[in-house]
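So you can see what is in the structure, the chains are spelled out below.
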Amino acid sequence: LESRGNVESMFTCALWLFALFFSYAVSTRKTSHLFAAGVFLGLATLVRSSAFAVLPFLAVYWWVHFRGALSTRQRFIGVSAFFVGTILAVSPWSVRNYVIAGTPTFSETVMGISAHAGYYVASHSDSGLSYSDLIDEGWKQQRDIARAHGLDTVPAPLPNDARYELARTPGDEVAYNLILAKEA
């Protein structure tokens, strides 16, 4: 099977640290713990954007849960610290995406590649090819789609290895992912 750089371990570690600091924040009511929880939620978001979805729910939880125990000002400061911690963690990547692709994306920028790869494997699973061969064929189709739309590709360092041929010019990254998302 293929390796994706151990993202599950990184995601799990960041989520665990987020949960730890958020639970500390609930028990101690310390803004510094909420800020740290926000930072770790931001780091988890950099690994998998799905983590970002819990941010508004936890902010509402903090606001409602401590309605009688903390003043409105204290609750506002806590929620703000949580948001600031998260934004500080994702900001470097967002700035990078904006500078390179002209789009301020908060998280990963491979949504189209991932969607297409999953669709390709699922729709061709009865072809008799191994999983590894299906992944290779999917990458070749992605390369062909990029070329058909006039997007630049960089030749692979290894002959006939389409996996590494998709390193295009950075400005094409967002357009390419949108095309692949539509194809999937």
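Here, the structure is the one placed above.
The present account deals with the structure reproduced in this document. (Residues numbered from 1 in each chain as written. Predicted model: local features only at pLDDT ≥ 70, side-chain atom pairs only at ≥ 80, totals over all residues. Heavy atoms only, no water.)

### Observations concerning the packing of aromatic side chains
Turning to step 1, where the next piece is worked out: All chains considered together, the criterion is met by eight aromatic pairs.
Turning to step 2, where the next piece is worked out: Between Phe21 and Tyr24 the ring centres are 5.9 Å apart and the planes differ by 85°, which places this aromatic pair in the edge-to-face class. Residue Phe21 and its partner Tyr24 are both found in helix α1 (residues 7–28); the two are separated by three residues, about one turn of the helix.
Turning to step 3, where the next piece is worked out: Taking relative accessible area as the criterion, Tyr24 reaches 37% and is therefore assigned partly exposed.
Turning to step 4, where the next piece is worked out: Centroid distance Phe22 to Phe82: 5.8 Å. Interplanar angle 50°. Geometry classified as tilted. (Phe/Tyr/Trp six-rings, centres within 6.5 Å; stacked < 30°, edge-to-face > 60°. Helix = DSSP H or I, 4+ residues; strand = E, 2+ residues; numbered from the N terminus. Buried < 20%, exposed > 50% of the residue type's maximum accessible area, 1.4 Å probe, protein only.)

### Comments concerning the nonpolar core
Turning to step 1, where the next piece is worked out: One finds Phe18, Phe22, Leu34, Leu41, Trp62 and Phe82 to be the most contacted residues of the largest nonpolar core, which totals 18 residues.
Turning to step 2, where the next piece is worked out: Of all elements in the fold, only α1, α2 (31–47), α3 (54–65) and α4 (72–101) reach the threshold of two or more residues within this core.
Turning to step 3, where the next piece is worked out: The element best represented in this core is α1, accounting for five residues.
Turning to step 4, where the next piece is worked out: When near neighbours in sequence (up to four residues on either side) are disregarded, Leu41 contacts Phe18, Ala51, Val54, Leu55, Phe82 and Thr86.
Turning to step 5, where the next piece is worked out: Counting five residues, the second-largest nonpolar core is a separate cluster that includes Tyr120, Val121, Leu134 and Trp139. (Core = buried A, V, L, I, M, F, W, Y, C linked by side-chain atoms within 4.5 Å. Contact = heavy atoms within 4.5 Å.)

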